[in-house]
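Results of the structural survey
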Amino acid sequence: MSHHYVKFDHVSYDYPNGFKALDDVSFLITHGEKVGLVGANGAGKSTVILHANGLLMPQKGGVVIGDVPITKETLPIIRRTVGLVFQNPDDQLFMPTVEEDVAFGPLNMKLPEEEVRRRVGEALKAVGAYDLRSRPTYELSGGQKRSVAIAGVLAMEPDVLVLDEPSSNLDPHARRLMIDRVAGFRHTCIIATHDMEMVKELCPRTIVMSRGRVVADGRTDEIFADRNLLERGGLV
Ligand SMILES: Nc1ncnc2c1ncn2[C@@H]1O[C@H](COP(=O)(O)OP(=O)(O)O)[C@@H](O)[C@H]1O
Ligand SMILES: [Mg+2]
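Only a predicted model underlies this, so the values are computations on that prediction, with no experimental measurement involved.

With that settled, the discussion passes to the sheet that holds strand β4 (residues 60-65). Sheet strands pair via backbone hydrogen bonds, and the direction of the pair is either parallel or antiparallel. On the basis of which strands lie adjacent, the open sheet formed by four strands has the order β2-β1-β4-β5 and antiparallel pairing. The open sheet has two edge strands, β2 (20-29) and β5 (68-69), and neither has a second partner. Pairing of β4 with β5, which is carried by two bridges, proceeds in the antiparallel orientation. Looking at the pairing, I65 lines up with V68 of β5.

If you want it as structure tokens, here you go:
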């Protein structure tokens, strides 16, 4: 895949209870862009993110990663390409220890043991969680779990990194490490968040969602300067 763009093409999605969570969402993110996805609680950010690697499939429209449309058949390649960090780390961590959890993805990719060890060490150090490596995942704090979940995705060295509220529950030091690591990520990155300072720092572009729709998509500095828009988006 030469161009790791992310394309949402008129995506609509209703949850099984009939709630319309996405209503005709379209955007194109080109390779190497870092984009903030913002909006009030319930705006549809997490639903967008779950569509980025096929955990949810659009009922109308389509999602394309690089030149690969997301379908049941392409899911294995999509899952290798798009690294997704869930909003709730308890949905992500399932191995007994931190080290095993972060190694799970790389082992699944059938990488040599040496390479797995290197990636696990590097990813845990990048998020400041190396000292936790032998700890059982279930006894970690919320913030520690989040750091480990982020490390698990970094260790897979995805082409597209998708993070759902990555800074929530992180202490200032862990937040700083996470932001610096994401800043150093050379590929495409989508970050759903309420952390506007992080968006300003990391994302030249911002997409604003409200009630399942994209209500603005443009330069972060321009969007953040538009008080009316922020109010309409429930962001101030
Ligand atoms: N599993 C679900 N079943 C029904 N409705 C849901 C489900 N998950 C989310 N929703 C609803 O869809 C809307 C969008 O949710 P979500 O994408 O999680 O928003 P955000 O991440 O922006 O807070 C919300 O109104 C939420 O209540
Ligand atoms: Mg959410």
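What follows continues from the structure just given.
In this section: the site of ligand 1. The immediate surroundings of ligand 1 are formed by Y15, N17, F19, A21, A40, N41, G42, A43, G44, K45, S46 and T47. G42 is positioned with one of its backbone polar atoms (N or O) 2.7 Å from an oxygen atom of ligand 1. Contacts to ligand 1 include S46, whose backbone N or O atom sits 2.9 Å from an oxygen atom. Taken by itself ligand 1 offers 560 Å² of open surface, and the protein chains cover 66% of this. With three residues, the top contributor of residues to the shell around ligand 1 is helix α1 (residues 45-51).

For the rest of this paragraph, the subject is helix α5 (residues 142-154). With 13 residues, α5 should cover 18 Å at 1.5 Å per step; its first-to-last C-alpha distance of 19 Å lies within 8% of that length. Of all the 13 residues making up α5, eleven are buried; the element is thus mostly covered by neighbouring parts of the structure. Listed as buried for α5 are G143, K145, R146, S147, V148, A149, I150, A151, G152, V153 and L154. Those residues of α5 hidden inside the fold are in contact with β6 (82-85), α3 (98-108), α4 (113-126), β7 (160-164) and α6 (172-183).

Attention now moves to α6. Between its first and last C-alpha, α6 extends 16 Å over twelve residues, near the 16 Å set by a 1.5 Å rise per residue. All of the buried residues along α6 are A174, M178, I179 and V182. Down the axis of α6, the buried side of the element spans an arc of 135 degrees, and every buried residue falls inside it. Opposite the packed face of α6, turned more than 90 degrees from it, sit the exposed residues P172 and H173.

With that settled, the discussion passes to the coordination of the magnesium ion (ligand 2). S46 (OG) and Q87 (OE1) make up the full set of protein donors to the magnesium ion (ligand 2), lying at 2.0 to 2.2 Å. Pair noted here: S46 is in helix α1 and Q87 is in the loop between β6 and α3, with a separation of 41 residues, a long-range link. Residue Q87 is classed as partly exposed on the basis of its relative accessible area, which comes to 37%.

A few words now on the sheet that holds β7. In space, the six strands of this open sheet follow the order β6-β7-β8-β3-β9-β10, with mixed pairing throughout. Since the sheet does not close on itself, it has two edges, and those belong to β6 and β10 (213-219), each with one partner. For this sheet the average axis-to-axis angle between neighbouring strands, irrespective of direction, equals 15 degrees. In terms of strand pairing, strand β3 (residues 34-38) meets strand β9 (residues 205-210) through four bridges, oriented parallel.

Bringing the pairing of β4 into the picture now. Of the strand pairs in this sheet, strand β1 (residues 6-14) and β4 are connected by five bridges, and their pairing is antiparallel. Looking at the pairing, K7 lines up with V64 of β4. Two successive antiparallel strands, β4 and β5, enclose a turn made up of two residues, where G66 displays a positive phi of approximately 60 degrees.

Turning to empty space enclosed by the protein, a few remarks are in order. Over the atoms a probe the size of a water molecule is rolled, and this reveals where empty space is left. Across all of its chains, the model carries one cavity of 30 Å³ or more by this definition. Approximately 30 Å³ is the volume attributed to the largest cavity. For the largest cavity, the full set of lining residues is F27, I29, V35, G36, L37, V48, I190 and I207. Residue assignment for the lining of the largest cavity shows that the elements contributing at least two residues are β2 and β3. Counting residues per element, the lining of the largest cavity draws most heavily on β3, which supplies three residues. For the lining of the largest cavity, a count of residues per class yields seven nonpolar, one polar and no charged.

Here is what the cut-offs are and how they apply
Residues numbered from 1 in each chain as written. Chains lettered and ligands numbered in written order. Predicted model: local features only at pLDDT ≥ 70, side-chain atom pairs only at ≥ 80, totals over all residues. Heavy atoms only, no water. Pairing = 2+ DSSP bridges. Helix = DSSP H or I, 4+ residues; strand = E, 2+ residues; numbered from the N terminus. Near = heavy atom within 4 Å. Polar contact = N/O pair within 3.5 Å; in protein donor to acceptor, adjacent residues only side chain to side chain. Areas by Shrake-Rupley, 256 points an atom, 1.4 Å probe, with all protein chains shown as cover. Expected span 1.5 Å × (residues − 1). Buried < 20%, exposed > 50% of the residue type's maximum accessible area, 1.4 Å probe, protein only. Contact = heavy atoms within 4.5 Å. Arc of directions from axis to C-beta. Donors = N, O, S within 2.8 Å, 3.2 Å for Na, K, Ca; no water. Axes fitted to C-alpha atoms, helices over the stretch in contact; angles between N-to-C directions. 1 Å grid on protein atoms, 1.4 Å probe; cavity = no way out; pocket = protein on both sides within 12 Å on 5 of 7 lines; lining within 4 Å. Points joined across faces, edges and corners; volume = space filled by probe spheres on them. Nonpolar A, V, L, I, M, F, W, Y, C, P; charged D, E, K, R; others polar.

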